[in-house]
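The lines below spell out each chain.
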Amino acid sequence: MTRIGGTWQNWGRSAQVKPLRVERPRTPEGVQRAVKAAVAQGLTIKAVGAGHSFTGIAVAPGVLLELDDLQGLVSADAATGRVTLLAGTRLHRIPGLLAPFGLAMENLGDIDRQSISGAISTGTHGTGARFGGLATQVAGVTLVTAAGEFLRIDAEHNTEMLPAVALGLGALGIIVDVTLQCVPVFVMKAIDEPAPLDDVLATLTHRVAASDHYEFYWFPHTDVALTKRQTRVPESTRRQPLPVVGRWIDETLLSNGVYRAVCAAGQVVPAVTPPFSRLAVKLTGDRQYTDLSHRVLTQSRTVRFREMEYALPAENVVSAFRAVRALIEKRGWRIEFPIEVRFAAEDDRWLSTAYGRATGYIAVHRYWRADPTTYFEAVEQIMIEHGGRPHWGKLHTLGSEQLRERYPRFGDFTALRDQLDPDRRFTNRYLDRVLGE
């Protein structure tokens, strides 16, 4: 997230707004005062975290709440694994906050720059067929409602609301703290290696079931998949982290520095994209290491991009992927970013992309200076035909009537929204589109 003058922009430069007012509360009570003031003035109010959503979900044309100062640990119980964090706490800070208690988050996404409240509210997820998205780790939430009141939702208070509020799109109130169910700290063994794409697709079900966490990347214009297998092992396991210099060459120099230059060059001379993609799969994605979970699950991504991701019934992933591959070849597009395929367990969060079904994800990207519209819209049609649900924080074109058909508890969520925010103090154009006005 950046602000230039009075204009707020998200990380992907796909959304921006010039809010009427910006406030930076440092306490939950500060959030409460801001909400009461906005409501009294008839203004909408939205909280923003790190701005890593590509959609307009965080756009705040009325009052924008920056939660950068609302970070840190509220409480932790090593015996139960329950930890409460202030809403603006960045994911990359959480491992350090949990370490003194011997705890870790059960799973993470591949980027850790987001705030905890933003990550759960947009459906951020990692990979692993037996593990849910970040919202499934939520055991409690404290909201400031449109009435200006603190509302606690957990196992003892308003429990029936938890499946909605844990992944609430920012539509139900302003989150001020989040309670997570954590696990004992653990180590992961990672194997990154290239494999023939056709073989990966033919054996994907077995590969996913055989690893705690499995994903693969495919650079268009190649016939190789860059696979990532990660196994959870006890904390006592001897760590063998990536060498500092080797990691810098692989992740900073090649995956970010050189890659940024090639993406930029590809906008001028598209013909450079296919040969670089073939070179990339030879130079990266072949390594083994063992390290703490958060160092294995997350990675640094500094090349700015835009993304669309759809969640599919797991059994539809291969068919949908093959259709996208054929589409790129048929259209003759030069696509500079890899396609990412991940998996998640079914869960009970009402607006979770994995609600009620084992899920696979297909994500497509474009360099931020490239127009993604034609590519994304064509891929989106394939995803829709395969039963897809769009990631709430990533680009898509669906509206409330289409989404209602894809979420069994959609009506229950909007009814709760009517109860908690009848005057739509927490809405914006994006939420009006995906939830209805």
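Residues numbered from 1 in each chain as written. Predicted model: local features only at pLDDT ≥ 70, side-chain atom pairs only at ≥ 80, totals over all residues. Heavy atoms only, no water.

(A) Region of the structure containing the pattern of salt bridges. Counting across every chain of the model gives 23 salt bridges. Measuring nitrogen to oxygen at the nearest pair gives 2.7 Å for the salt bridge that ties R207 to D199. Here E309 makes a salt bridge to K394, at a shortest N to O gap of 3.0 Å. One end of the pair, E309, is in strand β18 (residues 305–313); the other, K394, is in the loop between β21 (389–390) and α12 (400–404), and 85 residues separate them in sequence. Taken individually, E309 and K394 each receive the classification buried, so the pair is uniform in this respect. (Salt bridge = Lys/Arg side-chain N within 4 Å of Asp/Glu carboxyl O. Helix = DSSP H or I, 4+ residues; strand = E, 2+ residues; numbered from the N terminus. Buried < 20%, exposed > 50% of the residue type's maximum accessible area, 1.4 Å probe, protein only.)

(B) Just helix α11 (residues 373–385), in detail. In this model, α11 (13 residues) spans 18 Å end to end at C-alpha, consistent with the 18 Å of a helix rising 1.5 Å per residue. For α11, the complete set of buried residues consists of Y375, F376, A378, V379, E380, I382 and M383. Tucked into the core, α11 has its buried residues touching β18, α10 (317–331), β19 (339–344) and β20 (359–367). Positioned one or two residues after α11, G387 has a phi angle of 80 degrees, which is positive. (Expected span 1.5 Å × (residues − 1). Contact = heavy atoms within 4.5 Å.)

(C) View of α10. When the terminal C-alpha atoms of α10 are compared, their 21 Å separation across 15 residues agrees well with the 21 Å that a helix rising 1.5 Å per residue should span. Among the residues of α10, V317, A320, F321, V324, L327 and I328 are the ones counted as buried. Projected down its long axis, α10 carries its buried residues within an arc of 120 degrees, all on one side. Exposed and facing more than 90 degrees away from the buried side of α10 are E329 and K330. Following α10 by one or two positions, G332 has its phi on the positive side, about 70 degrees. (Arc of directions from axis to C-beta.)

(D) Broad picture of the environment of W350. As for its placement among the helices and strands, W350 is situated in the loop between β19 and β20. Given the relative accessible area of 10%, W350 is considered buried. The sequence separation of W350 and K228 amounts to 122 residues, and the corresponding C-alpha distance is 30 Å.

(E) Examining empty space enclosed by the protein more closely. A full pass over the atoms with the stated rule returns four cavities of 30 Å³ or more. The calculated volume of the largest cavity comes to roughly 600 Å³. Along its surface, the largest cavity is lined by 39 residues, and H52, S53, G118, A119 and T122 are the ones closest to its centre. Per-element tally for the lining of the largest cavity: the top contributor is helix α3 (residues 116–122), with five residues. Its residues assigned to classes, the lining of the largest cavity comprises 14 nonpolar, 18 polar and seven charged. If you go around the second largest cavity, you meet 17 residues; those closest to its centre are G123, H125, G133, D347 and S352. Taken together, the residues of the lining of the second largest cavity break down into seven nonpolar, eight polar and two charged. (1 Å grid on protein atoms, 1.4 Å probe; cavity = no way out; pocket = protein on both sides within 12 Å on 5 of 7 lines; lining within 4 Å. Points joined across faces, edges and corners; volume = space filled by probe spheres on them. Nonpolar A, V, L, I, M, F, W, Y, C, P; charged D, E, K, R; others polar.)

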